[in-house]
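Structural overview for review
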Amino acid sequence: MLDGWFLWFILFWVVVLVGLFAIGGFFMFRKFLKVFPKADGKSDIDWEEYYINETIHLWGQDARDLLEELCSPVPELFRPVAKQKIGAKISQLALEEKANKIDFDIIIRGYIIATPKRDHKFLRKKLNEMKVDITPYEQFFQLSK
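Residues numbered from 1 in each chain as written. Predicted model: local features only at pLDDT ≥ 70, side-chain atom pairs only at ≥ 80, totals over all residues. Heavy atoms only, no water.

Thoughts on the pattern of salt bridges
Put simply, the rule reads: One speaks of a salt bridge when a side-chain nitrogen belonging to Lys or Arg is within 4 Å of a carboxyl oxygen belonging to Asp or Glu. Numbering goes from the N terminus for both helices and strands, where a helix is a DSSP run of H or I of at least four residues and a strand is a run of E of at least two. Exposed residues in this analysis have more than 50% of their type's maximum accessible area, buried residues have under 20%, and partly exposed residues fall in between, with area computed by a 1.4 Å probe over protein chains only.
Applying the stated criterion across every chain, the model contains five salt bridges. Of the charged contacts, one joins Arg109 and Glu97 as a salt bridge, the two residues approaching to 2.6 Å between their closest N and O atoms. Of this pair, Arg109 sits in helix 5 (residues 104–114) while Glu97 sits in the loop between helix 4 (79–96) and helix 5, placing them 12 residues apart in sequence. The class for Glu97 is partly exposed, based on a relative accessible area of 39%. When salt bridges that share partners are traced, they join Glu97, Asp105 and Arg109 into one network.

If you want it as structure tokens, here you go:
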């Protein structure tokens, strides 16, 4: 029969494993919702890929380097997903404006709009470190989700 410290050890691991499975399931379910088609027949990920593929020729090395620099505070595990989401928003802006090149202004605006409000504090800090004047971009902080 289980008794004493071994019982508590088993109960502890049961709680830990159930918690970890719940957390993993939550993130997998969120990912599933992103690939689920919307009313237009395309998922969020399909739209992200579309925007990036349509503007891939507009991305110069300097634009890629700037996006990489802006995404550097994001934990490495989540950085590829963040870069795709942010790059897609930047590409969407470039397509809507019929830009000939993805430049500094489009990158900053797209990055601000694509960044969730909870991360604006970190974004402002990063832009200040890069010595970017954010006054002309204040209106875009209100547009993000």
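Side note on the nonpolar core
The condition that has to hold: Only buried residues count toward a nonpolar core, which is a set of Ala, Val, Leu, Ile, Met, Phe, Trp, Tyr and Cys residues joined through side-chain atoms within 4.5 Å. A contact between two residues is defined here by any heavy atoms of the two lying within 4.5 Å.
In terms of nonpolar packing, the biggest core is built from 29 residues, with Ile86, Ile90 and Ile102 touching the most fellow members. Elements supplying a minimum of two residues to this core: helix 3 (61–70), helix 4, helix 5, helix 6 (120–129) and helix 7 (138–141). Those residues in contact with Ile90 that lie beyond four places of it in its chain are Trp59, Leu67, Ile102, Ile106, Ile107, Gly110 and Tyr111.

Considerations on helix 3
This is how the line gets drawn: Think of it as the arc spanned by the lines of direction from the helix axis to the C-beta atoms.
Residues of helix 3 that are buried include every one of Ala63, Leu66, Leu67 and Leu70, and no others. For helix 3, the buried positions fall inside an angular range of 100° around the axis, keeping them on one side. Along its buried surface, helix 3 packs onto helix 4, helix 5 and helix 6.

Here we look at the side chain of Ser91
Along the chain, Ser91 falls in helix 4. What Ser91 contacts, discounting residues up to four positions off in sequence, is Tyr51, Ile52, Thr55, Trp59 and Ile102.

A closer look at the packing of aromatic side chains
Here is the rule we go by: Think of it this way: a Phe, Tyr or Trp ring, Trp meaning its six-membered ring, pairs with another when their centres are within 6.5 Å, and the plane angle makes it stacked under 30 degrees, edge-to-face over 60, tilted otherwise.
One pass over the full model with this rule turns up eight aromatic pairs. Here the aromatic rings of Phe6 and Phe9 are separated by 6.4 Å at their centres, their planes lie at 25°, and the arrangement is stacked. Note that Phe6 and Phe9 are positioned in helix 1 (residues 5–35) at a spacing of three residues, about one turn of the helix. Residue Phe9 is classed as partly exposed on the basis of its relative accessible area, which comes to 40%. Measuring from ring centre to ring centre gives 5.6 Å for Trp47 and Tyr50, while their planes differ by 90°; the resulting arrangement is edge-to-face.

Treat this as a map of the structure, not an account of what it does.
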